[in-house]
Amino acid sequence: MASPHVAGVAALVWSNHTKCTNVEIRNALNATTVDLGSVGRDHQFGYGLVQAKAATDYLTQNGCAGSAQNQAPIAQFDTQCTALSCSFDASSSRDADG
C-alpha cells in the first residue's frame, strides 16, 4: 500500500516544483524520508516515511537543475493626472524569469 501514498506525495511535491525532473523529485523524497526499521533501505519499510512538506522545503532551498530561484519582478511605472483623468504606463516593468 505504500506505492499509492508515495505517488500522491510525489505528485503534490511536483505540483509545487514543476520545473524539477522526476529524478529530482525522487531524490528529494529519498533525502527527506524518516527512516523506519533498519538503517537505510530495508525490505519492510523501504526508504521510510515520506514527508511532503520536508521534500518541498528541500527543493525550495536547493532548487532544481531545470529551474533557477524565482527573481522578484521590477515594477516601474509613470502616472500623469490632469483634472479628473489619470493615465498609467507600466511598459517599463519587467519580470526577468517570466
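The coordinates are above.
This write-up is about the structure you can find in this document.

Definitions and cut-offs
- Residues numbered from 1 in each chain as written.
- Predicted model: local features only at pLDDT ≥ 70, side-chain atom pairs only at ≥ 80, totals over all residues.
- Heavy atoms only, no water.
- Buried < 20%, exposed > 50% of the residue type's maximum accessible area, 1.4 Å probe, protein only.
- Helix = DSSP H or I, 4+ residues; strand = E, 2+ residues; numbered from the N terminus.
- Arc of directions from axis to C-beta.
- Contact = heavy atoms within 4.5 Å.
- Phe/Tyr/Trp six-rings, centres within 6.5 Å; stacked < 30°, edge-to-face > 60°.
- Lys NZ or Arg CZ within 6 Å of the ring centre and 35° of its normal.
- Polar contact = N/O pair within 3.5 Å; in protein donor to acceptor, adjacent residues only side chain to side chain.

**Overview of helix α3 (residues 52-62)**
For α3, every residue scored as buried is listed here: Ala55, Thr56 and Leu59. Viewed along the axis of α3, the buried residues span an arc of 100°, placing them on a single side of the element. The outward face of α3, more than 90 degrees from its buried face, is lined by the exposed residues Lys53 and Gln61. Packed against the buried residues of α3 are α1 (2-16) and α2 (22-32). Immediately downstream of α3, the backbone of Gly63 shows phi near 70°, a positive value.

**Some words on the packing of aromatic side chains**
Following the criterion strictly, the structure yields one aromatic pair and no others. The aromatic ring of Tyr47 is capped on one face by Arg41, whose charged end is 5.6 Å from the ring centroid.

**A look at the side chain of Thr33**
Take Thr33: it is sitting in the loop between α2 and α3. A polar side-chain atom of Thr33 sits 3.3 Å from the main-chain carbonyl oxygen of Asn30. One polar contact links the side chain of Thr33 to the main-chain carbonyl oxygen of Tyr47, over a distance of 3.2 Å. Apart from the residues lying within four places of it in its own chain, the contact partners of Thr33 are Tyr47, Gly48, Leu49 and Val50.

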